[in-house]
Amino acid sequence: MVHFKKYLGNPMANSHHACQICINPKGLEELPQYIKELKKEYSCAVIISDENVFPLFGDAVIAAVNECHLRADTLILPPGEQNKNLITANFCWERLVTLGCDRNTLMIVLGGGVLTDLGGFVASTFMRGIDVIFIPTTLLGMVDAAIGGKNGINLPSGKNMIGTRYHPKLIISDPSCLESLSDHEFRSGLAEVIKYGVIDSHFFVYLEQNVSSILKRQEEKISTIIGRCSEIKTHIIEQEFQGNPQIRNILNYGHTFAHAIEGATDFKIYCHGEAVSIGMSCAALLSLKLGFVDQKFVERQDALCHKMGLPTFMSNKIPLETLMDFIKRDKKHVKGKFCLILPTELGKLSQVDHVGKEMILETLKEKQLVE
Ligand SMILES: NC(=O)c1ccc[n+]([C@@H]2O[C@H](COP(=O)([O-])OP(=O)(O)OC[C@H]3O[C@@H](n4cnc5c(N)ncnc54)[C@H](O)[C@@H]3O)[C@@H](O)[C@H]2O)c1
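Below you will find a few notes about this structure. Quick caveat, the model's predicted, so the values are computed rather than measured.

When helices and strands are counted, the chain shows 14 helices and 11 strands. Residues counted as buried form 58% of the 371 residues belonging to the chain. In the chain, once contacts between residues fewer than 6 apart in sequence are set aside, the share between residues at least 24 apart is 75%. For the chain, the exposed surface amounts to about 15,500 Å²; the carbon and sulfur share of it is 53%. Of the side chains in the chain, 39 bear a positive and 42 a negative charge, and the two mean positions are spaced by 4 Å.

This next bit is on the packing of aromatic side chains. Per the stated rule, a full pass over the model turns up 2 aromatic pairs. With 5.9 Å between their ring centres and 55° between their planes, Trp 93 and Phe 121 make a pair best called tilted. Linking Trp 93 in helix α3 (residues 86–98) with Phe 121 in helix α4 (residues 113–125), this pair joins segments that are 28 residues apart in sequence. Judged by relative accessible area, which is 21%, Trp 93 ranks as partly exposed. Residues Phe 203 and Tyr 206 carry aromatic rings whose centres are separated by 6.2 Å and whose planes lie at 15° to one another, so their mutual orientation is stacked. In this pair, Phe 203 and Tyr 206 both sit in helix α7 (residues 201–209), 3 residues apart, roughly one turn of the helix. A relative accessible area of 4% places Phe 203 in the buried class.

Of note, Asp 200 is situated in the loop between α6 (183–199) and α7. Separated by 29 residues in sequence, Asp 200 and Cys 229 place their C-alpha atoms 9.6 Å apart. Excluding its chain neighbours within four sequence positions, the residues that come into contact with Asp 200 are Arg 228, Ile 232 and Gly 347. Here His 202 takes part through its backbone nitrogen, which lies 3.1 Å from a polar atom of the side chain of Asp 200.

Before going further, it helps to examine the pairing of strand β4 (residues 72–77). Only one face of β4 is covered, namely the one carrying Asp 73, Leu 75 and Leu 77; the face carrying Ala 72, Thr 74 and Ile 76 has none of its residues buried. Direction of pairing for strand β3 (residues 44–50) relative to β4: parallel, over a ladder of 6 bridges. Counted as the bridge partner of Ile 48 is Leu 75 from β4.

What follows is about the site of the ligand. Around the ligand, a shell composed of 27 residues is seen, among which Asp 50, Glu 81, Gly 113, Thr 137 and Thr 138 lie nearest. Contacts to the ligand include Val 114, whose backbone N or O atom sits 3.0 Å from an oxygen atom. Backbone polar atom of Cys 177 to a nitrogen atom of the ligand: 2.9 Å apart, as the coordinates give it. Notes on the ligand: free accessible area 870 Å², of which the protein chains cover 89%. Put simply, the parts of the chain that give the shell around the ligand at least two residues each are α2 (54–67), α4, α5 (139–145), β8 (158–162) and α6. Partitioned by chemical class, the residues of the shell around the ligand number 9 nonpolar, 8 polar and 10 charged.

What counts, and where the lines are drawn
- Residues numbered from 1 in each chain as written.
- Predicted model: local features only at pLDDT ≥ 70, side-chain atom pairs only at ≥ 80, totals over all residues.
- Heavy atoms only, no water.
- Helix = DSSP H or I, 4+ residues; strand = E, 2+ residues; numbered from the N terminus.
- Buried < 20%, exposed > 50% of the residue type's maximum accessible area, 1.4 Å probe, protein only.
- Contact = heavy atoms within 4.5 Å.
- Areas by Shrake-Rupley, 256 points an atom, 1.4 Å probe, with all protein chains shown as cover.
- Lys, Arg positive; Asp, Glu negative; His and termini not counted.
- Charge placed at Lys NZ, Arg CZ, Asp CG, Glu CD.
- Phe/Tyr/Trp six-rings, centres within 6.5 Å; stacked < 30°, edge-to-face > 60°.
- Polar contact = N/O pair within 3.5 Å; in protein donor to acceptor, adjacent residues only side chain to side chain.
- Pairing = 2+ DSSP bridges.
- Near = heavy atom within 4 Å.
- Nonpolar A, V, L, I, M, F, W, Y, C, P; charged D, E, K, R; others polar.

This is the structure:
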């Protein structure tokens, strides 16, 4: 295996939380060094993981913690988006108290985006915030969810409705963790990767040219895409801290539709990446209707999604009104007006305010499968 290690420095330089991202196929093996480099006297470490992930990598993380002469406690949760809620967060807080955790406890979150969102939220709120390291184990977690300091839990009325902004001390993306990931979950992560391609046209072309080696999970290609997505996301967040608060919204491309699709289907039909793929296709079609992009753009984006094994149409069993109810609750809307992130060309996304309800409905209808 080629050793590839990349430090993106301190992407959150202007925030009071410094965060370093390490992309390292020996990341788990080298975890003791990473913990020692934090140079802090921790009282103990708590590993938060799920029932699928912990059996795969839990022993390695416990051994690393013990090597740092720290007690390792574990908090193993059932997997799945349906557990990213207040009940699970409350269970975590109570368990941290029972375990005797204090302000000097180090939390290590080991898992996909559900875990980094939930674990980040719990770490940020327990005793008003304890240090946390993220070890994302899904592609989606490595390229997106773990980065940027946004965490959260869902309410029955909508996704990510409750959350904080809190950066982990360190993100360790070890691409070797992806070997056990199902094709389905791997492809799910590729949807967010394609989103970064729409943000950066050079990266889009790279993806188009490397579909087959990416799908074969060729190590060098995977490290490259994790690195590029991490760079794009941290660059956007840097701009946000430098006085451009709106810029971050472009990371939400396709997500207004995606969250509505996930919510309206109770998270049971599509995984997050599939919903994002359909959501980006909806946004591209809407953009075409508004005259911002041409048919070629829509076809090119859909073609890349299809090649990566992702859907661009949703089931026609999802009631349009339910989708609209979820879309109305999107956090970007201002004073009841629909605000959406739409492409204007490959490599350029803009926030478009006051999108008409009828046009959104028409788009949703056209993006439903015809039997
Ligand atoms: N905070 C953000 O900026 C941000 C950005 C994008 C997505 N998200 C959130 O991320 C979540 C989706 O994350 P996800 O797609 O990683 O889902 P996930 O965390 O549910 O993981 C998917 C499945 O893969 C399993 N798994 C994880 N790693 C594995 C491995 N290495 N081998 C085998 N199985 C493994 C998990 O147990 C789970 O069943 C959503 O809740 C979404 O809202 C957050």
